[in-house]
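A closer look at the structure
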Amino acid sequence: MNKTLTSHGGDIYTEGLLKGKELIDYSSNINLLGVPNSFYEGIKEATNLINHYPDIQYRTTKEAIIKYHKISIDNDNIILGNGAAEVLDLAISTLRSICIIAPSFSEYEISAKKYGLEIKYSYLNNDMTYSYEDILDKLKSCDGIIIGNPNNPNGCNIDKDRFKKILNYCEVNEKKIIVDEAFVEFSGDKAYSFIDEVINYKSLILIRAITKYFALPGIRLGWAISSDKEILNKLREKQLPWNINTFAAVSLKYLLEDREYIEKSLNVNMVEREFLINELRKISLFNRVFESNSNFLLCKLNNVVEQELFEFALNSGILIRKCGNYRGLDNSFIRLAVKSRENNEVLLDMLRHYENIRRI
Ligand SMILES: Cc1ncc(COP(=O)(O)O)c(C=O)c1O
C-alpha cells in the first residue's frame, strides 16, 4: 500500500470499526476534551448557508484567524488549507532543497520527495531536543527548513533564543522556515509560538490548524501565515477555488472565540500529561519516557519490540502508535496520546498487566 496511507496514527478503521470493534485510540493526538460545543453552533449557522458557494475569499474566516492571533496582518497574509497537511505540502512545493528534522511528521518527507526536493536530515539529540548547530550547518546547502513547534513524535518546542541565529541567517540569505505549529496551543504559552515574529521575518511561513487542539481531524482546516505575500500567492495559485467547505469556514470563528474550551483544554491536558508521564515512568517496560510540551509522549521500550506491545494492546482494545517507521527511530519506540483519566487508567492497567506477564 502507498506509504502515505500506512504511516500515520489514528487508523481506528483497519483493526477497529471495519471489524466491528471500538478501540481506545492512543495513536492519534487529539484534545482529550473532544469536540467543543461551540462547534455545533457554527454548524447550525453553516447549515443555513450550504445551498450557496462559500465566500471565495473566505473573508470572515480569515478575520477570525487574525483576531485569534492578535497580530496586524491582512487577509492576503493567510491561505487556508484542507488541514495543515495541505498548506504544508504547498509550502514545501516552493523549495528545491530542504532540511528535514528526523524524527518528524512523515508527511514532510513524503511531500519533499513528491516534488523532487533534495533533502538534508538534521537528527535530534539523544534527549530528543533540536541540534541547532547542525540545523544551521544543513541550511547552508538548502533553500529552507520545515520544523515542528512542537515536534511530532516527541513534543519538544523550539528554543526561540537558540533559534534566533537560524532565523536571522535565513532572513539574510532568503531561505524559508516553515514552522509547523499544529500542536502549539498545547505548549501552554503564546510565547512558544513564532506568531509574533511573522511580521518581522519574511522567511517565516507559519502553519496552524484546528485539527489537534479543537479535536476536529474530520473537519480538515488549517492555515499558513506569512508576511511574504508573494510566496503565499504562489501557494494560492496551486489551490482549487472553494477548497474549504462551509462547515469548516463558518464554524472556525465559534471555535477560536471559545475561551472557556481553550483554557480548560490547556489545564486538563497539563494535568493528565504529568499524571501519565509519572505513571509510565514507574513501569519497567519503558526505558525512557521523554519530556513533552504537547498532548503525546514518546516512549523508548526496554527490551520490548513495538509489534508485541502493539498486538497485546490491540487485544485489550487499545490502539498505540508504533514508531519504527519514523526516520531516526526504530522498533523500540512507541508514542502515546494524552487522554482522559478514565482512559489513562485503562491504558496503565493494560501496560502493568503486560509488565507482569513478561516477568513470569
Ligand atoms: C506535526 C503535524 N503537523 C501536521 C499534521 C496534519 O494536520 P492536519 O490533520 O490538520 O492536516 C499532523 C498530523 O498528525 C502532525 O502530526
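Just so we're clear, the structure is a prediction, and the values are computed from it rather than from any experiment.

Tracing the sequence through the fold places Val250 in helix α9 (residues 246-256). Assessed through the 25 C-beta atoms surrounding it within 10 Å, Val250 is described here as buried. Taking C-alpha positions, Val250 is 8.9 Å from Pro54, a pair spaced 196 residues apart along the chain. Those residues within four positions of Val250 in sequence are excluded, and the remaining contacts are Gly42, Glu45, Ala46 and Leu49.

On to the site of the ligand, then. In the neighbourhood of the ligand, the contacting residues comprise Gly83, Ala84, Ala85, Phe105, Gly148, Asn152, Asp180, Ala182, Ala209, Thr211, Pro217 and Gly222. Grouping the amino acids of the shell around the ligand by side-chain chemistry returns 6 nonpolar, 5 polar and 1 charged.

We now examine unusual backbone geometry. Note that the residue after Asn149, namely Pro150, is joined by a cis bond; omega there is 5 degrees. Among the secondary structure elements, Pro150 is positioned in the loop between β5 (144-148) and α7 (160-172). Omega for the bond connecting Asn152 with Pro153 falls within 30 degrees of zero, at 25 degrees, which places this linkage in the cis form. Relative to the helices and strands, Pro153 resides in the loop between β5 and α7. The phi angle at Arg220 is positive, at roughly 60 degrees, despite the residue not being glycine. Within the secondary structure, Arg220 is located in the loop between β7 (204-209) and β8 (222-225).

Here we come to the pairing of strand β2 (residues 78-81). With burial as the criterion, each face of β2 is covered, one bearing Ile78 and Leu80 and the other bearing Ile79 and Gly81. Relative to β8, β2 runs antiparallel, the two sharing 4 bridges. Paired with Gly81 across the two strands is Gly222, which belongs to β8.

As far as domains go, the chain holds domain 1 (3-30 + 260-359) and domain 2 (37-257). Spacing between the C-alpha centres of domain 1 and domain 2 amounts to 26 Å. Taken together, the contacts link 26 residues of domain 1 with 24 residues of domain 2. When residues of the side of domain 1 that touches domain 2 are traced back to their parent elements, those giving at least two are α1 (3-6), α10 (259-280) and β10 (296-301).

Glancing now at the sheet that holds β2. Reading across from one edge, β2-β8-β7-β6-β5-β3-β4 is the order of the 7 strands in this open sheet, with mixed pairing throughout. The outermost strands of the open sheet, each flanked by one partner alone, are β2 and β4 (118-123). Pairwise comparison of adjacent strand axes, ignoring direction, gives a mean angle of 20 degrees for this sheet.

How each quantity is defined
- Residues numbered from 1 in each chain as written.
- Predicted model: local features only at pLDDT ≥ 70, side-chain atom pairs only at ≥ 80, totals over all residues.
- Helix = DSSP H or I, 4+ residues; strand = E, 2+ residues; numbered from the N terminus.
- Buried ≥ 20, exposed ≤ 12 C-beta atoms within 10 Å, placed from the backbone.
- Contact = placed C-beta atoms within 7 Å.
- Near = placed C-beta within 6 Å.
- Nonpolar A, V, L, I, M, F, W, Y, C, P; charged D, E, K, R; others polar.
- Pairing = 2+ DSSP bridges.
- Domains from an automatic or database assignment.
- Axes fitted to C-alpha atoms, helices over the stretch in contact; angles between N-to-C directions.

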